[in-house]
Amino acid sequence: EKFEKGSNTFIKDPNSGQEKKFVYDYSFQTHSKTEQGIGEWADQNTVFDTLGRPVMNSALEGKNVCLFAYGQTGAGKSYSMLGKQDDPGIIPRTCDAIFELIDNNQ
């Protein structure tokens, strides 16, 4: 799987060169589409299909779910959740998917 559970994010201190490892359920690389060695690019579709859709499906099955965006200021939490009008995030994509399911089941 492209984004394995237990994704790692590494940050290097520019002064000491010391590297620190952070482990998350998912860690998506949205910094650069072209820079080599920092992981594969993840767009809003990738984030929704990997994380949002499974959470939505679990909620529709009656399970209690929570999707929690955590990170440094400016890291993209609001963008991931809300997106922009021309590139919607998890919340509007979830709403669209739910209404699409309703339309398909009528």
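Here goes a summary of the coordinates provided. These figures come from a predicted structure and were not determined experimentally.

Parameters at a glance
Residues numbered from 1 in each chain as written. Predicted model: local features only at pLDDT ≥ 70, side-chain atom pairs only at ≥ 80, totals over all residues. Heavy atoms only, no water. Phe/Tyr/Trp six-rings, centres within 6.5 Å; stacked < 30°, edge-to-face > 60°. Buried < 20%, exposed > 50% of the residue type's maximum accessible area, 1.4 Å probe, protein only. Bend = angle between axes of the 7 residues up to and from the residue. Helix = DSSP H or I, 4+ residues; strand = E, 2+ residues; numbered from the N terminus. Contact = heavy atoms within 4.5 Å. Polar contact = N/O pair within 3.5 Å; in protein donor to acceptor, adjacent residues only side chain to side chain.

### Looking at the packing of aromatic side chains
By convention here, two paired aromatic rings are described through the distance between centres and the angle between planes.
Right, on to step 1. Applying the stated criterion across every chain yields a total of one aromatic pair.
Right, on to step 2. Both rings, one in Phe 68 and one in Tyr 70, keep their centres 6.3 Å apart while their planes meet at 20°; by these two values the pair is stacked.
Right, on to step 3. Judged by relative accessible area, which is 65%, Phe 68 ranks as exposed.
Right, on to step 4. Owing to a relative accessible area of 68%, Tyr 70 belongs among the exposed residues under this scheme.

### Remarks on helix H1 (residues 44-60)
Right, on to step 1. Considering bend angle alone, the principal kink of H1 is centred on Gly 52 and spans about 40°; proline Pro 54 follows within four residues of it.
Right, on to step 2. Listing the buried residues of H1 in full gives Gln 44, Thr 46, Val 47, Phe 48, Thr 50, Gly 52 and Met 56.
Right, on to step 3. Where H1 is buried, its residues touch helix H2 (77-82), strand S3 (83-84), strand S4 (87-88) and helix H3 (90-104).
Right, on to step 4. Of the residues flanking the start of H1, the one acting as N-cap is Asp 43, its side-chain oxygen 3.2 Å from the backbone nitrogen of Asn 45.
Right, on to step 5. Phi turns positive one or two residues past the end of H1, at Gly 62, with a value near 95°.

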